[in-house]
Amino acid sequence: MNEYIRMSKKPLACVVLAAGKGSRMKSDTDKVLHMLAGKPMIKWLLGTLAQLSPEKIIVVTAPDMEEVQAACAPHTIAIQQEANGTGGAVKAALSVLDGFDGDVLIALGDCPLVSLQTFSDLIDSRGDAGFSVLGTVMNDPTGYGRLVLDEQGIVQKIVEEKDASDEERQIQIINTGVFCVDGKYLADWLGKIEPSNAQGEYYLTDLPKIAACDGKICSAIATLDPSEVMGCNTKADLAVLESVLQNRLRHEALLDGVQMVDPATVYFNFDTKIAPGVMIEPNVFFGSDVSVEAGVHIKAFSHIEGAYIKSGAIIGPFARLRPGADIGEDVKVGNFVEVKKSTIGKGSKINHLAYVGDCEMGENVNFSAGAITVNYDGYDKHKTIIGAGAMVGSNVNLVAPITVGESAFLAAGSTLSKDVPADALAVAREPVKIHKGWAAKYRAGKEKKGLS
Ligand code: UD1
Ligand code: CA
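A. Representation of the packing of aromatic side chains. All told, the structure shown has seven aromatic pairs when counted by the stated rule. Ring centres of Phe268 and Phe286 lie 5.5 Å apart, and the angle between their planes is 0°; on these two criteria the pair is classed as stacked. One end of the pair, Phe268, is in the loop between strand S13 (266-267) and strand S14 (273-274); the other, Phe286, is in strand S16 (residues 284-286), with 18 residues separating them in the sequence. Judged by relative accessible area, Phe286 falls into the buried class, the value being 1%. Connected via pairs of aromatic rings, a cluster forms that spans Phe131, Phe179, Tyr185 and Trp189. The ring of Tyr202 carries the charged tip of Lys91 above its face, separated from the ring centre by 5.0 Å. Over the aromatic face of Tyr267 sits the side chain of Arg250, whose NZ or CZ is 4.9 Å from the ring centroid.

Below, the structure written as structure tokens:
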């Protein structure tokens with residue numbers, strides 16, 4: 001759980017800008033709906049903002065962004081009719097802000113990883129200033145607006161890269177795009193922004209100059225961690241944000257007592273639940289909705305999604321658990337085994353090269369190499385039920401629907417399409433024929449031919 005300190009008790013409203021087309025993403029999906037660790041980018045941001053307990057959160061979208069609007073529920077949506085810049089976007093929220101007289105925190109939908117403490121510090125830092133802006137120092141500031149500061153650290157202006165002089169481009173202190181503005185002045189100042197810049201847009205970044213005309217200053221704070229304020233304009237940025245987030249999730253898991261040999265190679269989903277004491281080997285991927293109980297060992301190169309793994313189970317190496325895999329205590333799922341929508345009873349072993357789908361497997365079943373459930377007839381899925389203690393031999397095909405009784409013995413290589421009673425042996429294969437001496441005669445014949 002995040003803990004943070006916010007000193008200011010002033011009322012707070014948050015405005016999230018998400019109406020931009022995001023054309024640099026070259027994607028049919030709206031930019032802020034791109035996933036980070038299995039959750040849309042904007043939801044990460046909204047989750048953090050909600051923890052500040054604001055009176056309202058307003059998300060500005062374009063008129064046709066129904067999917068973004070739905071993803072932002074239950075927060076208020078404001079529509080920016082025309083994508084005419086970040087200043088225009090905040091203007092679109094004014095009618096919903098309705099003269100709000102408190103701190104207005106403006107955040108960018110494409111800058112989703114700002115921490116709760118940093119937002120809070122920005123709000124607290126405003127004091128009597130007209131507004132404050134969050135900056136950071138970037139080794140490579142390319143593409144960001146730059147903060148032009150005076151000797152006291154007061155922001156004189158924010159200059160966009162496209163409008164910057166060569167000298168201004170050398171500045172490494174960048175505008176993260178996150179602002180905290182005194183709500184009293186917001187509407188007035190927004191009304192004074194002119195689209196007189198390289199892109200012909202209404203820039204929110206014109207506010208310092210406009211506020212200065214009212215004798216109000218713009219203060220700035222900087223976060224020491226540029227990774228939390230990285231914006232997302234391209235798929236390359238998205239990949240960097242994903243890695244920032246994965247590092248956070250890995251760190252949290254390690255502090256929670258999860259053991260990882262090489263954390264950098266383990267990928268989590270936002271909702272992955274792993275108990276303390278679980279051991280994870282390198283190159284493991286968790287998709288959505290996975291819970292792992294204490295004492296589980298996940299071996300290298302396993303891909304796990306939608307699975308519940310009970311204590312003492314050993315998974316992998318090279319295991320694939322798909323949605324609905326419910327793995328019982330002390331179960332072994334070994335290499336090249338796929339389990340889907342199946343319950344595996346305590347102590348059962350599926351050690352190598354097997355497919356188990358739509359199956360209810362009792363306790364202590366041995367499901368040998370190459371055995372599979374034949375669960376699909378080309379149209380429908382069918383169920384396989386295997387009683388406790390059954391021995392499923394190698395290369396057995398269980399043609400579902402089928403029920404195998406407790407402690408039954410299924411001979412290797414059998415294709416079974418009939419139920420097998422408890423304690424029975426089922427064999428479905430050709431009897432073995434032995435032709436004594438045949439091989440020797442065959443070889444002799446071949447070799448004679450070769451000599452002639
Ligand atoms: C913006 C800042 C830049 C800063 C950078 C930080 C301006 C003019 N520039 O640049 O100083 O360094 O963010 O990441 O503010 N949006 C709207 N409506 C619009 C345009 C944009 O809602 O008409 C939203 C976008 O959806 C996005 C955010 O505002 O979430 C930022 O827009 P974007 O075009 O990405 O701005 P940058 O060029 O990154
Ligand atoms: Ca951006």
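Don't stop here, the text continues.
B. Molecular detail of the site of ligand 1. As a structural note, the neighbourhood of ligand 1 is formed by 23 residues, with Gly20, Gln80, Thr86, Glu160 and Asn175 the closest of them. In this structure, Asn84 approaches ligand 1 through a main-chain N or O atom, which is 3.3 Å from an oxygen atom. Its free accessible area being 760 Å², ligand 1 has 90% of it covered by the protein chains. With respect to the detected pockets, ligand 1 is housed in the largest pocket. Elements with a contribution of two residues or more to the shell around ligand 1: helix H3 (86-92) and strand S10 (173-182). Taken together, the residues of the shell around ligand 1 break down into eight nonpolar, eleven polar and four charged.

C. Layout of the layout of surface pockets. Space inside the largest pocket adds up to approximately 1300 Å³. Lining the largest pocket are 45 residues, and of these Arg24, Lys31, Thr86, Asp110 and Asn233 sit closest to its centre. Contributions of two or more residues to the lining of the largest pocket are made by H3 and S10. Ranked by residue count, the leading element in the lining of the largest pocket is S10, at four residues.

D. Here's a closer look at the pattern of salt bridges. For the structure on display, the rule yields 14 salt bridges. We note a salt bridge from Glu360 to Lys383, for which the minimum N-O separation is 2.7 Å. In this pair, Glu360 is assigned in strand S27 (residues 359-361) and Lys383 in the loop between strand S29 (372-374) and strand S30 (384-386), connecting sequence segments 23 residues apart. A relative accessible area of 36% means that Glu360 is categorised as partly exposed. A relative accessible area of 41% places Lys383 in the partly exposed class. Overlapping salt bridges bring together Asp103, Arg126, Asp182 and Lys184 as one network.

What counts, and where the lines are drawn
Residues numbered from 1 in each chain as written. Chains lettered and ligands numbered in written order. Predicted model: local features only at pLDDT ≥ 70, side-chain atom pairs only at ≥ 80, totals over all residues. Heavy atoms only, no water. Phe/Tyr/Trp six-rings, centres within 6.5 Å; stacked < 30°, edge-to-face > 60°. Helix = DSSP H or I, 4+ residues; strand = E, 2+ residues; numbered from the N terminus. Buried < 20%, exposed > 50% of the residue type's maximum accessible area, 1.4 Å probe, protein only. Lys NZ or Arg CZ within 6 Å of the ring centre and 35° of its normal. Near = heavy atom within 4 Å. Polar contact = N/O pair within 3.5 Å; in protein donor to acceptor, adjacent residues only side chain to side chain. Areas by Shrake-Rupley, 256 points an atom, 1.4 Å probe, with all protein chains shown as cover. 1 Å grid on protein atoms, 1.4 Å probe; cavity = no way out; pocket = protein on both sides within 12 Å on 5 of 7 lines; lining within 4 Å. Sits in = over half its atoms within 2 Å of the grid points. Nonpolar A, V, L, I, M, F, W, Y, C, P; charged D, E, K, R; others polar. Points joined across faces, edges and corners; volume = space filled by probe spheres on them. Salt bridge = Lys/Arg side-chain N within 4 Å of Asp/Glu carboxyl O.

Don't take any of this as a statement about function, it's just geometry.
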